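Spelled out from the first residue to the last, the chains are:
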Amino acid sequence: MNEIFKDLFVLELANNHLGKVERGLNIIHKFGTVVRHNNVKAAIKLQIRDVPTFIHKDHLNSDSRYIKKTLSTELRRDDFIAMADSIRRHGCMVMATPFDEKSVDLCVDIGCEAIKVASSDINDWGLLECIAKTRLPVIVSTGGSSLKDTDDIVKFFSKRRIPLALNHCVSLYPTDEDCLELNQIDFLRERYPNNVIGLSTHEHADWEASMHIAYAKGARTFERHVDIDDDGVVVSPYCSTPKQIGTWFNAYQRAKAMCGLPGTEKRVPCRKEVEYLDALVRGCYAARDLAVGHVLQPGDIYLAIPLQKGQLSCRELFQDDVVRIGIDKDKPVMADSLSSYATMSEDLVETIMNRGI
């Protein structure tokens, strides 16, 4: 049910299209190319607001930075459709953050595969009810939320059996490294074991260290704001360029390789490691001449290195075994020299015959 979120990268386009669909399409192309070259699962996320109803008519001329930016970056319905189509053509999932109920409808119309709830809307229950009616998977950022807020939203979507991922997030733009609070990933994983936990990060100094740490702690979905700088626009310090996102993807691949299996499973040692350890194991040698039919007793065998191919080691020797092929003093005790050889599994015989010098 939560598979959609696992190892998912969400690239937040936000309003960096600057109200120009051509710029939005250029951003999608640049980051879609990076996604394809790195062979990762990614979504490109839009922000959608129904501007005529989102801003009160009496405040359209307000000096509020948020209102002015919302007005200056407004796009038409057809523009969002064009960007969503481009996202799909580049092999990415379409996601969006709707900030009002009408925008939720547009998320459905443009074919969003999941919906993001902004940190500021974690307890906007009218909006959340509308989002839940779509039955689409949901990612929620927990930046600035209270514990009750997070508990309530987890219960809300769980009760409706809607897949939910929780992103640890610090709502500072940009976020300094000493404010990242990555241990919150541990807290969220322990408190909400049935939900995928992720990291939505706005840091500006490093695109590797937090990925290594977050992945090792169990974060499995990741989000960053993205932008391009090849058209003269100054990139905000909390946004990542295509090159930086490539570094981020590489850090993920490296962290994944270093961490290996999940902490819930016992790893299977690789052949190279087994061969190395086998070379350190002591082999069995005859302490005296051992005749055919002799029943092994304490003191008949001693252990020493090296271990030779076909020789029994300290791992396989059993008292009371019967000698079937005579063994001279100080010679290796080979597997086929004892009666137990006939009862060994094929896998064990193959291991014994192929290990050692």
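See the structure printed just above.
The following refers to the structure shown. (Residues numbered from 1 in each chain as written. Predicted model: local features only at pLDDT ≥ 70, side-chain atom pairs only at ≥ 80, totals over all residues. Heavy atoms only, no water.)

A few points about the environment of L317
Within the secondary structure layout, L317 lies in the loop between β11 (301–304) and α12 (346–354). Taking the C-alpha atoms as reference points, L317 and S340, 23 residues apart in sequence, are found 9.4 Å from one another. The contacts of L317, once residues within four sequence positions are left out, are C284, L296, I301 and L338. (Helix = DSSP H or I, 4+ residues; strand = E, 2+ residues; numbered from the N terminus. Contact = heavy atoms within 4.5 Å.)

Some remarks on the packing of aromatic side chains
Aromatic ring pairs are described here by two measures, namely the spacing of the ring centres and the angle between the planes. Scanning the entire structure with this criterion turns up 14 aromatic pairs. With centroids separated by 6.1 Å and ring planes inclined at 85 degrees, the aromatic side chains of F54 and Y66 adopt a geometry described as edge-to-face. With F54 in helix α2 (residues 51–54) and Y66 in helix α3 (residues 65–72), the pair connects residues that are twelve residues apart, well separated along the chain. Residue Y66 is classed as partly exposed on the basis of its relative accessible area of 41%. Site record: aromatic cluster; members linked through ring pairs are F9, Y215, F222, W248, F249 and Y252. (Phe/Tyr/Trp six-rings, centres within 6.5 Å; stacked < 30°, edge-to-face > 60°. Buried < 20%, exposed > 50% of the residue type's maximum accessible area, 1.4 Å probe, protein only.)

Considerations on the pairing of strand β10 (residues 283–286)
Within a regular beta strand, the side chains point alternately toward one face of the sheet and then the other, so they alternate between its two faces. With burial as the criterion, each face of β10 is covered, one bearing G283 and Y285 and the other bearing C284 and A286. As paired strands, β10 and β11 are joined by four bridges and run antiparallel to one another. Its bridge partner being in β11, C284 is matched across the sheet by L303. (Pairing = 2+ DSSP bridges.)

Describing the nonpolar core
Ranked by internal contacts, the top residues of the largest apolar core, which has 65 residues, are F9, L11, I110, F157, F222 and F249. Residues within four places of L11 in sequence aside, it is in contact with F31, V35, A43, I44, K45, R224, V226, I245, W248 and F249. Core analysis: the next-biggest nonpolar cluster, separate from the first, contains 14 residues, C284, V323, I327 and I352 among them. (Core = buried A, V, L, I, M, F, W, Y, C linked by side-chain atoms within 4.5 Å.)

Brief notes about the pattern of salt bridges
As enumerated under the stated definition, the model contains 17 salt bridges in all. Across the salt bridge formed by K45 and E223, the nearest N and O atoms sit 3.6 Å from each other. Placement of the pair is K45 in strand β2 (residues 41–48) and E223 in strand β8 (residues 221–226), with a sequence separation of 178 residues. For E223, a relative accessible area of 3% gives the class buried. A salt bridge links R88 to D85; the shortest N-O distance between them is 2.9 Å. Of this pair, R88 and D85 are both found in helix α4 (residues 77–89), three residues apart, which corresponds to roughly one turn of the helix. Each of E12, K45, K116 and E223 takes part in one network of salt bridges that share partners. (Salt bridge = Lys/Arg side-chain N within 4 Å of Asp/Glu carboxyl O.)

Remember that the coordinates give geometry; whether it matters functionally is a separate question.
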